[in-house]
Amino acid sequence: MERRDFFKKAIVTAGAAAVGTSTLEAGVTTQPIDNRKVSPVAFPEKRPLIMYSDRPPLLETPRDVFTSALTPNDQFFVRWHMPDIPTHIDPDTYTIHVNGLVKNELHISLNDLKTKFEQVEVTAVLQCGGNSRSAFKPIAGGIQWGSGAMGCATWKGVRLKDILHLAGLERDAKWIGFNGSERAAYYETPEFVRELELSELDDHVILAYEMNGEDLPYLNGYPLRLVLPGYYSDSWVKMLSNITVTNEYKKLFFMDVAYRVPDNETESETPEKRYPTTKPIKKMNVKSVIGYPTKDSLVSHKSHVVIRGVAWDDGHGIQDVLISTDGGKTWDKAILDDGKLGRYAYRAFRYPYKPTTFGKVTIMAKAINKIGQEQPFAKDIKWNHGGYKYNGIDEVTVEVV
Ligand SMILES: Nc1nc2c(c(=O)[nH]1)N[C@H]1C(S)=C(S)[C@@H](COP(=O)(O)O)O[C@H]1N2
Ligand SMILES: [Mo]
């Protein structure tokens, strides 16, 4: 069977299975999102995570880590596109090369980055555009991530703007490309490069060498990565080797085909008919994830449970998180943390809950941001082929005993 035919078949089957199930019925969770095991194998600097592949490393953070606003480095998810990641990086000889339409071509060492520029910090959520893809019905293409292809950290580094100022942009400079250091497995595969329009980059964009007060973990892009607060992480190029300024968009680059959604208002299409034009995913939509309880928690009848989780968007800020413990019929406000980590960070939330019935209970969380955008019910989620930008109301079903 051709791969294409296989996909068609998988979609039809999954579509048929979805008919007749209601995501709102208490006691039924139709999200496959939690049905994964943490791998017993740990990678360098990482505790055991949910593994989808070892080369390239694809590691997901378990849901129960999302009970506080910062994600520990050793539990932070990992995503690489190419199997051939450098295994040795010498911090004393590493330089970042800035070239293209600049007046001064630069080679900046790690030490110069840390000593000759203003050092800045930003706490920001890094989320893969394919996070929660496994919740799409029917199945959408790509790795079937649960909710843990994301994390939030405090990033430290230097402003991209300051580096470009030193390099001096030529008058016709319009685009900027960021290269990772890894190599493709085949000559035909383009390298990992992200191109962005210079006009969309603001002061918050940094080249970061530190994550939560430590060197970046190797798998999260040591020694230097791009940090674009508010944007999905396909733009956050790791192990940066090169920054090239151009006056035109170079179509052959890797990211020109992946991480795109239909270019229409609802960013959606049907499995049968692909929308003809696409646009990059770019900014994150409003979303929340429940960290406690999980489907593995045993919750005691009439005990004092604290439901916990995190909520975020692209920087407008979270206004409210609403919790339902009756499968979406009634909602009540959760308590949010003080928000001191800033508008690009997770807002941790908590909600005291005393279960008064036995058996399965479905808990839901819905975030609303400061401009009134809110998470849709899972059944109202708009579908796209790539399985990007899933932000349905989160739900967890627990057993009350
Ligand atoms: N050099 C390089 N940078 C990269 C990628 C990659 O494959 N190579 N993948 C991108 C994507 S799609 C994601 S989701 C994030 C993952 O970052 P993490 O591994 O630190 O979690 O890195 C981004 N930056
Ligand atoms: Mo990603």
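Refer to the structure presented above.
Keep in mind that what you see is a predicted model, and the values were worked out from it rather than measured.

Undergrad: Describe the overall build of the chain, with residues and values.
TA: When helices and strands are tallied, the chain shows three helices and 24 strands. Residue burial in the chain is summarised as follows: out of 401 residues, 54% are buried. Put simply, 71% of the contacts in the chain that link residues at least 6 apart link residues at least 24 apart. Accessible area of the chain: about 18,500 Å², with a carbon and sulfur share of 52%.

Undergrad: Quick one: what's the story with the sheet that holds strand 9 (residues 193-197), residue by residue and with numbers?
TA: The five strands lie next to each other as 5-4-13-8-9, forming an open sheet whose pairing is mixed. The sheet is open, and its two edges are formed by strand 5 (106-109) and strand 9, each paired on a single side. In this sheet, neighbouring strand axes are inclined to one another by 15° on average, regardless of whether the strands run parallel or antiparallel. Pairing between strand 4 (residues 95-100) and strand 5: four bridges, direction antiparallel. Paired with histidine 97 across the bridge in strand 5 is histidine 107.

Undergrad: Residues and numbers for the site of ligand 1, please.
TA: Around ligand 1 there are 19 residues in total, and Phe77, Glu182, Asn220, Arg225 and Lys238 lie nearest to it. A distance of 2.9 Å separates an oxygen atom of ligand 1 from a polar backbone atom of arginine 79. Note that an oxygen atom of ligand 1 is positioned 2.4 Å from one of the side-chain N or O atoms of lysine 238. Bound to the protein, ligand 1 loses 100% of the 540 Å² it would expose on its own. In the shell around ligand 1, the residues fall into ten nonpolar, four polar and five charged.

Undergrad: An account of the sheet that holds strand 17 (residues 298-299) is needed here, citing residue identities and associated values.
TA: Pairing in this open sheet of five strands is mixed, and the strands run 17-24-23-19-20 from one edge to the other. Strand pairing shows two members of the sheet lacking a second neighbour, strand 17 and strand 20 (332-333), which therefore form its edges. In this sheet, strand 24 (residues 394-400) lies alongside strand 17 in parallel orientation, the contact comprising two bridges. By the bridge assignment for strand 24, valine 299 is matched with valine 400.

Undergrad: Let's hear about the pattern of salt bridges: which residues, and what values?
TA: Overall, the coordinates contain 17 salt bridges when judged by the stated rule. The closest approach of N and O atoms between glutamate 197 and lysine 174, which form a salt bridge, is 3.0 Å. Within this pair, whereas glutamate 197 is found in strand 9, its partner lysine 174 is found in the loop between helix 3 (160-167) and strand 8 (175-180), the two being separated by 23 residues in sequence. Accessibility expressed as a relative area gives 24% for glutamate 197, which makes it partly exposed. Owing to a relative accessible area of 39%, lysine 174 belongs among the partly exposed residues under this scheme. Among the salt bridges present, the one from aspartate 296 reaches lysine 295, with a minimum N-O distance of 3.2 Å. A residue is classified by how much of its surface remains accessible, and lysine 295, at 33% relative accessible area, is partly exposed. By sharing partners, the salt bridges in this structure join Glu118, Arg159 and Asp162 into a single network.

Undergrad: Could you give an account of the side chain of glutamine 75, naming the residues involved and the relevant values?
TA: Mapped onto the fold, glutamine 75 is located in the loop between strand 2 (58-60) and strand 3 (78-79). What glutamine 75 contacts, discounting residues up to four positions off in sequence, is Arg47, Leu49, Thr61 and Val65.

Undergrad: An account of the packing of aromatic side chains is requested, with residue identities and associated values reported.
TA: As enumerated under the stated definition, the model contains eleven aromatic pairs in all. One aromatic cluster in this structure is built from Tyr52, Phe76, Phe77, Trp145, Trp155 and Trp236. Taking NZ or CZ as reference, lysine 366 lies 5.1 Å from the ring centre of tryptophan 331, over its face.

Undergrad: Which residues make up the nonpolar core, and what values go with them?
TA: The biggest cluster of nonpolar side chains holds 71 residues, and the ones touching the most others in it are Trp155 and Ile176. Within the second largest apolar cluster, 20 residues are counted, among which are Val299, Ala311, Phe349 and Ala365.

Undergrad: So what about the environment of asparagine 99? Which residues, and what values?
TA: Here asparagine 99 is to be found in strand 4. Each C-alpha atom, one on asparagine 99 and one on isoleucine 176, is 9.9 Å from the other, the two residues being 77 residues apart in sequence. A distance of 3.3 Å separates a polar atom in the side chain of asparagine 99 from a polar atom in the side chain of asparagine 242.

Undergrad: If you had to explain the environment of isoleucine 381 to someone new, which residues and values would you point to?
TA: With respect to the helices and strands, isoleucine 381 occurs in the loop between strand 23 (359-369) and strand 24. On the basis of relative accessible area, isoleucine 381 is assigned to the buried category, the value being 18%.

Undergrad: Give a description of the pairing of strand 23 that names residues and reports values.
TA: Counting buried positions along strand 23 gives ten out of eleven residues, so the element sits mostly inside the fold. Here six bridges tie strand 19 (residues 318-324) to strand 23, and the two strands are oriented antiparallel to one another. Counted as the bridge partner of isoleucine 318 is asparagine 369 from strand 23. In this structure, strand 23 lies alongside strand 24, joined through seven bridges in antiparallel fashion. Bridging from a neighbouring strand, threonine 362 pairs with threonine 397 of strand 24.

Undergrad: Give me the environment of leucine 101: which residues, what numbers.
TA: With respect to the helices and strands, leucine 101 occurs in the loop between strand 4 and strand 5. You can call leucine 101 partly exposed: its relative accessible area is 22%. Between the C-alpha atom of leucine 101 and that of threonine 244, which follows or precedes it by 143 residues, the distance is 7.6 Å. Here leucine 101 is in contact with Gly168, Leu169, Glu170, Asp172, Ala173, Val245, Thr246 and Asn247, once residues within four sequence places are set aside.

Calculation rules
- Residues numbered from 1 in each chain as written.
- Chains lettered and ligands numbered in written order.
- Predicted model: local features only at pLDDT ≥ 70, side-chain atom pairs only at ≥ 80, totals over all residues.
- Heavy atoms only, no water.
- Helix = DSSP H or I, 4+ residues; strand = E, 2+ residues; numbered from the N terminus.
- Buried < 20%, exposed > 50% of the residue type's maximum accessible area, 1.4 Å probe, protein only.
- Contact = heavy atoms within 4.5 Å.
- Areas by Shrake-Rupley, 256 points an atom, 1.4 Å probe, with all protein chains shown as cover.
- Pairing = 2+ DSSP bridges.
- Axes fitted to C-alpha atoms, helices over the stretch in contact; angles between N-to-C directions.
- Near = heavy atom within 4 Å.
- Polar contact = N/O pair within 3.5 Å; in protein donor to acceptor, adjacent residues only side chain to side chain.
- Nonpolar A, V, L, I, M, F, W, Y, C, P; charged D, E, K, R; others polar.
- Salt bridge = Lys/Arg side-chain N within 4 Å of Asp/Glu carboxyl O.
- Phe/Tyr/Trp six-rings, centres within 6.5 Å; stacked < 30°, edge-to-face > 60°.
- Lys NZ or Arg CZ within 6 Å of the ring centre and 35° of its normal.
- Core = buried A, V, L, I, M, F, W, Y, C linked by side-chain atoms within 4.5 Å.

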